[in-house]
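Listed below are the residues making up each chain.
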Amino acid sequence: MPIHNFTPEVEALAQEILAYSLHRLKDDPPLDGPRTAEDLFNEVGNTITAKGLGGHEALEVFTNVLAKACISTDHPRNLAFIPSAPTEYSNLFDLVVGASSLYGGSWQEGAGAVFAENQALRWIADLAGLPQSAGGVFVQGGTNGNLSALVAARADARKKFPNTSRWAIACSAEAHSSIASAAHIMDVELLKIEPGADRKIHGDEVGAAIDKLHATSEVRVFAVVATGGTTNLGIIDDLETVGAATHARDIWFHVDGAYGLAALCAPSVRAKFNGVEKADSLIVDPHKWLFAPFDACALIYRNPEIAKETHTQHASYLETLHDDSWSPSDYAIHLTRRVRGLPFWFSLAAHGTDAYTEAMEETLNVAHSAADLVRAHPNLELVMEPELSIVAFKRKGWKAADYQKWSNKLLADQIGFIPPSSDKGEAILRFAIVNPWTKVSDISMILDTL
Ligand SMILES: *Cc1c(COP(=O)(O)O)cnc(C)c1O
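Residues numbered from 1 in each chain as written. Predicted model: local features only at pLDDT ≥ 70, side-chain atom pairs only at ≥ 80, totals over all residues. Heavy atoms only, no water.

A. Fine view of the overall build of the chain. Across its full length, the chain carries 15 helices and 11 strands. Relative to the compact-globule value of 22 Å for 450 residues, the chain shows a C-alpha radius of gyration of 23 Å, a close match. Taking the principal axes of its C-alpha atoms as reference, the chain extends roughly 70 × 65 × 45 Å. Taken across its 450 residues, the chain has 51% of its residues classed as buried. Partitioning the intrachain contacts of the chain with sequence separation of at least 6 by distance along the chain shows that 71% fall at a separation of at least 24. Counting every atom, the chain has about 20,400 Å² of accessible surface; 55% of that belongs to carbon and sulfur. Of the side chains in the chain, 37 bear a positive and 56 a negative charge, and the two mean positions are spaced by 5 Å. (Helix = DSSP H or I, 4+ residues; strand = E, 2+ residues; numbered from the N terminus. Rg over C-alpha atoms; globule rule 2.2 N^0.38 Å. Buried < 20%, exposed > 50% of the residue type's maximum accessible area, 1.4 Å probe, protein only. Contact = heavy atoms within 4.5 Å. Areas by Shrake-Rupley, 256 points an atom, 1.4 Å probe, with all protein chains shown as cover. Lys, Arg positive; Asp, Glu negative; His and termini not counted. Charge placed at Lys NZ, Arg CZ, Asp CG, Glu CD.)

B. Local environment of helix α7 (residues 177-186). Taken as a whole, α7 has its buried residues at Ser178, Ile179, Ala182, Ala183 and Met186. One face of α7 carries all of its buried residues, which in axial projection span an arc of 145 degrees. Projecting away from the buried face of α7 at angles above 90 degrees are the exposed residues Ser177, His184 and Ile185. (Arc of directions from axis to C-beta.)

C. Geometry of the packing of aromatic side chains. In this structure the tally under the stated criterion is 16 aromatic pairs. Between tryptophan 123 and phenylalanine 344, the aromatic rings sit 6.4 Å apart at their centres with planes inclined by 45 degrees, giving tilted as the arrangement. With a gap of 221 residues between them, tryptophan 123 in helix α5 (residues 107-128) and phenylalanine 344 in helix α12 (residues 342-351) connect regions that are remote in the sequence. Judged on exposure class, the residue tryptophan 123 and its partner phenylalanine 344 are both buried. Residues tryptophan 345 and phenylalanine 346 carry aromatic rings whose centres are separated by 6.2 Å and whose planes lie at 65 degrees to one another, so their mutual orientation is edge-to-face. Residue class for tryptophan 345 comes out partly exposed when judged on its relative accessible area of 25%. Among the aromatic side chains, those forming a connected cluster through ring pairs are Trp123, Phe138, Phe291, Phe344 and Tyr356. (Phe/Tyr/Trp six-rings, centres within 6.5 Å; stacked < 30°, edge-to-face > 60°.)

D. Expanded view of the layout of surface pockets. The computed volume of the largest pocket comes to approximately 1,100 Å³. Lining the largest pocket are 32 residues, and of these Arg24, Leu25, Pro29, Asp74 and Asn91 sit closest to its centre. Breaking the lining of the largest pocket down by element, the ones donating at least two residues are α1 (8-26), α3 (55-66) and α4 (88-100). At six residues, α1 tops the list of elements feeding residues into the lining of the largest pocket. Here the residues of the lining of the largest pocket sort into 15 nonpolar, eight polar and nine charged. Looking at the second largest pocket, it is lined by 14 residues, and the ones nearest its centre are Met1, Val10, Leu13, Gly54 and Gly55. Secondary structure elements with two or more residues in the lining of the second largest pocket: α1 and α3. Each residue belonging to the lining of the second largest pocket can be placed in one class, and the counts come to six nonpolar, five polar and three charged. (1 Å grid on protein atoms, 1.4 Å probe; cavity = no way out; pocket = protein on both sides within 12 Å on 5 of 7 lines; lining within 4 Å. Points joined across faces, edges and corners; volume = space filled by probe spheres on them. Nonpolar A, V, L, I, M, F, W, Y, C, P; charged D, E, K, R; others polar.)

E. Fine view of the packing of helix α8 (residues 203-216) against helix α9 (residues 239-248). Orientation of α8 relative to α9, taken along the N-to-C sense of each, is 25 degrees, at an axis distance of 7 Å. Of the possible angle classes, the one that applies to α8 and α9 is roughly parallel. Crossing handedness for the pair α8 and α9: right-handed. Across from Gly203, Val206 and Gly207 in α8, the residues of α9 making contact are Thr241, Val242 and Ala245. Considering only residue class, the contact of α8 with α9 consists of three nonpolar, three polar and no charged. (Axes fitted to C-alpha atoms, helices over the stretch in contact; angles between N-to-C directions. Parallel < 35°, antiparallel > 145°, perpendicular 65-115°, else oblique. Left-handed = near helix turned anticlockwise from the far one by under 90°.)

This is how it looks when you write it as structure tokens:
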């Protein structure tokens with residue numbers, strides 16, 4: 001049977017797939033959990049065959065076996081890493097994006113979709129207080145967003161300081177691992193700055209560390225990365241003073257807000273991000289705390305022209321695309337791209353931004369209640385007051401192995417997914433609360449097992 005043909009079988013399969021999708025959206029998701037590859041092979045065998053399984057059969061393999069071996073990231077008691085909580089509208093619209101073969105690399109091919117994505121980016125740029133000239137692109141994730149921004153930053157610095165042979169990125173010792181990864185890929189050094197007692201980096205420390213490096217070596221710092229909400233604890237660097245110290249030295253200021261900058265839309269915490277308006281570039285992942293499906297990172301530049309000069313790919317077959325129009329491919333390390341910001345745009349456009357503020361405040365409230373419950377719990381100790389929606393705590397008397405054992409049992413019992421983390425070399429537990437379906441009762445249910 002030809003694979004491009006809308007036959008009655010395809011129609012029937014479409015109904016099955018839509019029914020499954022509806023069920024997955026409507027009913028409480030199971031938590032589920034991983035199985036070994038061997039175990040899965042024993043159950044489904046080799047699914048790639050010369051004759052094919054048929055759509056119905058392949059779907060059954062997925063729904064009955066494979067899907068159940070994937071932890072539901074949107075389960076209200078999955079508080080691991082940074083989970084996800086896409087709105088129904090954004091998930092539904094992802095089906096439309098998938099069905100439409102939209103191309104999001106160039107304005108010529110995807111003007112309507114790119115226009116919509118850009119309006120969603122504009123909302124974030126406005127929340128951050130960036131100028132009208134700001135703009136960017138949705139990339140796959142924060143790792144790519146950080147790297148793309150830093151590559152643009154170095155290109156800018158090369159123009160300003162052409163005689164420099166060695167470059168460095170300055171960031172907090174608590175910065176996300178993707179910054180070290182970017183430095184590694186770019187073959188530049190990493191100037192790690194020890195944060196103060198409040199666990200944040202400030203302008204003074206950053207300025208002093210950079211001045212010392214510049215005075216004592218050939219290495220020049222081309223970008224300072226501040227974090228707008230660390231992934232482990234949700235700590236926000238002092239963006240105001242770090243931004244000022246960075247610009248005073250004619251250095252690019254990048255704010256990594258993959259998790260935390262989502263909360264720019266929450267008035268109760270907005271002031272914690274003061275100084276973000278100084279950013280030359282910033283990222284925030286709508287797939288983390290802005291209720292969008294994987295995978296979407298909003299990468300925004302103060303001056304997108306610099307990024308365009310850096311990232312535009314030139315090839316004979318592409319030159320036809322290069323005019324004054326806005327082609328998303330030109331602003332990051334990628335060419336072909338799915339319009340991954342469109343599910344986010346649709347939900348934001350349909351619900352309105354007030355609904356986002358409300359959902360965000362709801363998760364912050366639950367985080368505060370969770371911190372209260374931890375404080376009141378006889379066996380637990382709060383690591384710090386939550387700055388955003390991450391609640392970190394210790395179980396008195398436990399060693400790392402005890403945490404792991406507890407976590408394994410919690411998943412095996414299908415109560416929740418809370419893998420242990422660590423802070424200052426000691427094991428901790430953390431709740432990353434980004435899901436408005438997570439209720440205080442869910443937190444209690446987990447705490448009762450401690
Ligand atoms: C999650 C995260 C990243 C990486 O983002 P991905 O989308 O997972 O690539 C970078 N920085 C911070 C602060 C993060 O929380």
